[in-house]
Amino acid sequence: MQYNIIAPEALNQTIKLPASKSISNRALIIHALSGSHVLPENLSDCDDTEVIVQALQNNPYEINIKAAGTAMRFMTAYLATREGEEHVITGTERMKHRPIAVLVDALRRLGADITYVGEEGFPPLRIKGRKLEGGLLEVPGNISSQYVSALLMIGPMLSNGLTLHLMGDIISRPYIDLTLWMMREFGAAADWSDYETISVQPQPYKERAYYIESDWSAASYWYEMMALSKQKDDEVRLEGLMDGSKQGDSTVRYIFSLLGVKSIFGTTEEGVPTMVTLRHSGRCVPRLEYDFMNAPDLAQTFVVCCCMLGVPFHFRGLSTLKIKETDRIEALKKEMLKLGYVVHDVNDCELYWDGEKLDHGDDAVAIDTYEDHRMAMAFAPAAFRLDSLRINNPQVVSKSYPSFWEDLRKAQFVIHNS
């Protein structure tokens, strides 16, 4: 499938954003560990969340989490604590080549019974659940925060709790903080005891009702559209975003303020947030430098946006992009080159663009998505600066934002299936 996308002349729309995938997935695991029989409200309807829902509700012997990296990591830790149960957890071919040895090794040190079904260090995994003792565990701080969150969430279920020491540089700290905040929301005693150490007491979760807020990651693409739209009075209204949200990607509002987008929060009379209004501020930096160590999922959005705006950039903290749904560093370089932008990388952890452009000479160029939802959504707003834009395999957005193309049509984008 291929979409041909033509942007509207003006941008003026109210969008009900999907629920946060990050919060939904954590809430589901904690909900299951608490023994609750009431699912959290307003769960994300994305693929990544749906595979966790199905696994928890059906409890099959073989659990196929498809391309959901978060589900693979969270469910691996969860299943390791399920006394008397045995499961095989697997996924797509790409998932079978995404490393998981760091998490498996850590769980084994806690006493987990996990074996590799195929290639050592990669899914599928055979997991025999048992009671885990817990205690002190040391892991590198520069691993994916999803590994850290997976370990933390099972901490209250361990006989001796968990003391997690993160060695070296700690990446994606806001995602770890989000996990700890949600654990406390469900009654756990979990917090940083110093800059590098997290203590989780053996205090079980409490059953409670829980409502999922909207997704700041999904909002980032509408911020990008606003930055690239050309009418000064354009406006986008995004429902359900929380001012002061614990979501790491909420930092997008501050970064986009440097690219000419201002955020105006509206509230009800009771002070409950209702929506964020995006407008042009008329001010844009001539060059952008930023370290995405704490928000790596935003990198694709800003690479595309800065190139389209003609704003040179140097982005750091991108080491985890190599092991995402695809090698996002190589994918970005290749796809931006199709549009004539020469983006360079440094040591597989930095990307920069100094303004170098080529004449790509092909009006029918199509952006490949590499089975990566964020490639599709980060490139779609570029249609504001091109006559039209073609995107291959656009259906990948279902991984995190299933209604993305429908929402673009509401905003008067013309989208043809070509």
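Analysis parameters
Residues numbered from 1 in each chain as written. Predicted model: local features only at pLDDT ≥ 70, side-chain atom pairs only at ≥ 80, totals over all residues. Heavy atoms only, no water. Helix = DSSP H or I, 4+ residues; strand = E, 2+ residues; numbered from the N terminus. Rg over C-alpha atoms; globule rule 2.2 N^0.38 Å. Buried < 20%, exposed > 50% of the residue type's maximum accessible area, 1.4 Å probe, protein only. Contact = heavy atoms within 4.5 Å. Areas by Shrake-Rupley, 256 points an atom, 1.4 Å probe, with all protein chains shown as cover. Lys, Arg positive; Asp, Glu negative; His and termini not counted. Charge placed at Lys NZ, Arg CZ, Asp CG, Glu CD. Pairing = 2+ DSSP bridges. Axes fitted to C-alpha atoms, helices over the stretch in contact; angles between N-to-C directions. Salt bridge = Lys/Arg side-chain N within 4 Å of Asp/Glu carboxyl O.

Novice: Could you give an account of the overall build of the chain, with specific residues and numbers?
Specialist: Along the backbone of the chain there are twelve helices and 20 strands. For a compact globule of 418 residues, the expected C-alpha radius of gyration is about 22 Å, and the chain comes in at 21 Å, within 12% of that figure. Seen through its principal axes, the chain has C-alpha atoms that stretch 60 × 55 × 40 Å. Counting over 418 residues, the chain shows a buried share of 57%. In the chain, the proportion of contacts linking residues at least 24 apart, taken out of those at least 6 apart, comes to 73%. With the model as given, the accessible surface of the chain reaches about 16,500 Å², and the carbon-plus-sulfur share is 46%. Taken as two groups, the 42 positive and 56 negative side-chain charges of the chain have centres that lie 1 Å from each other.

Novice: Kindly report on the sheet that holds strand E7 (residues 135–140), identifying the contributing residues and their values.
Specialist: Strand order in the open sheet formed by four strands is E7-E8-E10-E9, and the pairing between neighbours is mixed. Looking at the sheet topology across the chains shown, the edges are occupied by E7 and strand E9 (190–194). Going across the sheet, the axis of each strand differs from the next one's by a mean of 25°, ignoring polarity. Bridge count between strand E8 (residues 162–167) and strand E10 (residues 197–200): four bridges; the pairing is antiparallel. Opposite Leu 162, over in E10, you have Val 200 as the bridge partner. Relative to E8, helix H5 (residues 145–154) is tilted by about 165°, and along the sheet it contacts E7, E8 and E10.

Novice: So, the pattern of salt bridges: which residues are in play, and what are the values?
Specialist: This structure, assessed with the given rule, holds 22 salt bridges. A salt bridge links Lys 399 to Asp 48, with the shortest nitrogen-to-oxygen separation between them at 2.5 Å. Highlighted residues: Lys 399 in the loop between strand E19 (389–392) and helix H12 (404–410) and Asp 48 in helix H2 (residues 47–58), separated in sequence by 351 residues. Here Lys 399 and Asp 48 have matching classes, each one buried. Between Glu 235 and Arg 279 there is a salt bridge, with the nearest N and O atoms lying 2.7 Å from each other. Within this pair, whereas Glu 235 is found in strand E11 (residues 235–239), its partner Arg 279 is found in strand E13 (residues 273–280), the two being separated by 44 residues in sequence. You can call Glu 235 buried: its relative accessible area is 17%. For Arg 279, a relative accessible area of 34% gives the class partly exposed. What you see here is one network of salt bridges that share partners, running through Asp 297, Arg 328, Asp 372 and Arg 374.

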